[in-house]
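Remarks on the overall topology
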Amino acid sequence: MAKKKDSVPQSVETVKAVKAFNHDFTCTPQGGVKFQYEVGKTYELDGSLSICKRGFHAVSLETPFHVWDFYPIIDDEGRLCKYAEVTQSGEMQREEKDGGTKIASVKIGIDAELSLPDFIRRGVSWLMDFTKSMPTVDEGNYSTQAASGDYSTQAASGNYSKQASSGDSSTQAASGDYSTQAASGNYSTQAAS
């Protein structure tokens, strides 16, 4: 006779996220009925999950300003929307869109309300971390990208620069004599004046 195995609990994924709400801590789902939330409470969906249609939605902590794609900072009646840090768990679906990540889950806990200044601080912190991970901008003569100085070649200003530049003999997105692209100045040739 086979021995019954003890069931091992499966680990449940949890994600910290940011959620926006109407001014009164409600959300209006696709069905049009307002759902009332409260800080310190956890809510669980009965039924199937479908991102953008059915579930508890929030955005990734890595892209907090993405909530503004769904809730305006100020509604049509001049009231500020509310923000909270939340914990999502259980079944989840993610959607990457417009530079942000929307997360739908079957379970959500409203951990703490974030004031508008706290929310903005978190967003600015994210932006600072994001820009630190970007390649640095070259500066000086002979630089080649997002640069300024003579002979630079992209997003530059200075004589002989070639892209997004200004100065004599520049060639792209430039201004100055002899510039050739998106330029202004004598002898410019593309999108020029």
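All of the points below concern the structure found in this document. All residue numbers here refer to positions counted from 1 along the written sequence of the relevant chain. Reporting in this predicted model follows two pLDDT cut-offs: at least 70 for local features of residues, and 80 or more for side-chain atom pairs to be given and counted; totals over whole chains, interfaces and linings ignore these cut-offs and use all residues. Processing note: side-chain calculations cover all non-hydrogen atoms of the structure and skip hydrogens and water entirely.

Disulfides are defined in this document as cysteine sulfur pairs within 2.5 Å. Going through the model one piece at a time under the given rule, you end up with zero disulfides. Looking at C81, it has no disulfide partner, and the nearest cysteine sulfur is the one in C27, 9.8 Å off. Taking the relative accessible area as the measure of exposure, C81 reaches 10% and is therefore buried. When accessible area is computed with a 1.4 Å probe and restricted to protein chains, residues below 20% of their type maximum are described as buried, those above 50% as exposed, and intermediate ones as partly exposed.

Turning our eyes to something else, we now look at the pairing of strand β5 (residues 56-60). Remark: a regular strand shows side chains that alternate across the two faces of the sheet. Secondary structure elements are taken from DSSP: a helix is a run of H or I of four residues or more, a strand is a run of E of two residues or more, and numbering for both begins at the N terminus. Among the five residues in β5, five count as buried, and that is most of the element. Looking at chain direction, strand β1 (residues 14-21) and β5 are connected through two bridges and run antiparallel. The partner of V18 across the bridge, within β5, is V59. The pairing of β5 with strand β7 (residues 100-114) spans four bridges and is classified as antiparallel. Within β7, the position partnered with V59 by the bridge is K102. A pair of strands counts as paired when DSSP detects no fewer than two bridges linking them.

Time to look at the side chain of T101. Position of T101 relative to the elements: it lies in strand β7. Here T101 falls in the buried class, since its relative accessible area comes to 12%.

Any two side chains of opposite charge can pair, given that their charged atoms come close. Salt bridges are counted wherever a side-chain nitrogen of Lys or Arg sits within 4 Å of a carboxyl oxygen of Asp or Glu. Tallied over the entire structure, the rule returns 10 salt bridges. Put simply, E77 and R79 hold a salt bridge, and the shortest N to O gap is 3.3 Å. Overall, E77 belongs to the exposed group, its relative accessible area being 61%. Ionic pairing is found between D118 and R121, a salt bridge with its closest N-O pair at 2.6 Å. Residue D118 and its partner R121 are located together in helix α1 (residues 116-132), separated by three residues, close to a single helical turn. If you follow the salt bridges from partner to partner, you end up with K16, E85, D111 and R122 in one network.

This part covers the packing of aromatic side chains. Two measures describe an aromatic ring pair: the distance that separates the ring centres and the angle between the ring planes. Only the six-membered ring of Trp is used, alongside the rings of Phe and Tyr, when aromatic pairs are assigned; centres must lie within 6.5 Å, and planes under 30 degrees apart are stacked while those over 60 apart are edge-to-face, with the rest tilted. For the coordinates displayed, the defined rule picks out 11 aromatic pairs. Ring centres of W68 and F119 lie 5.5 Å apart, and the angle between their planes is 65°; this geometry places the pair in the edge-to-face category. Taken together, the residues span a long stretch of sequence, with W68 in the loop between β5 and β6 (82-97) and F119 in helix α1 at a distance of 51 residues. A relative accessible area of 1% means that F119 is categorised as buried. Chaining the aromatic ring pairs together yields one cluster made of F21, F25, F35, Y37, Y43 and F56.

Further remarks concern the side chain of S60. Tracing the sequence through the fold places S60 in strand β5. Any N or O atom pair separated by 3.5 Å or less is treated as a polar contact, with the protein-specific requirement of one donor-capable and one acceptor-capable atom, and with residues adjacent in sequence counted only for side-chain atom pairs. Only 2.4 Å separates the side chain of S60 from the side chain of E62, close enough to count as a polar contact. Setting aside residues up to four positions removed in sequence, S60 forms contacts with T101 and I103. In this analysis, two residues are considered to be in contact whenever any of their non-hydrogen atoms come within 4.5 Å of each other.

Okay, the nonpolar core next. Within soluble globular proteins, side chains that are nonpolar tend to cluster in buried spots. In this description, a nonpolar core means a group of buried Ala, Val, Leu, Ile, Met, Phe, Trp, Tyr and Cys residues linked to one another through side-chain atoms lying within 4.5 Å. Judged by nonpolar contacts, the single largest core of 26 residues is most densely connected at F21, Y37, V67, Y83, V86, I108 and I110. For this core, the elements supplying multiple residues, two or more each, are β1, β5, β6 and β7. In terms of residue count, β7 provides more of this core than any other element does, five residues in total. Excluding anything up to four places from it in sequence, Y83 contacts K19, A20, F21, F25, V67, W68, I73, A112, E113, L114, L116 and F119.

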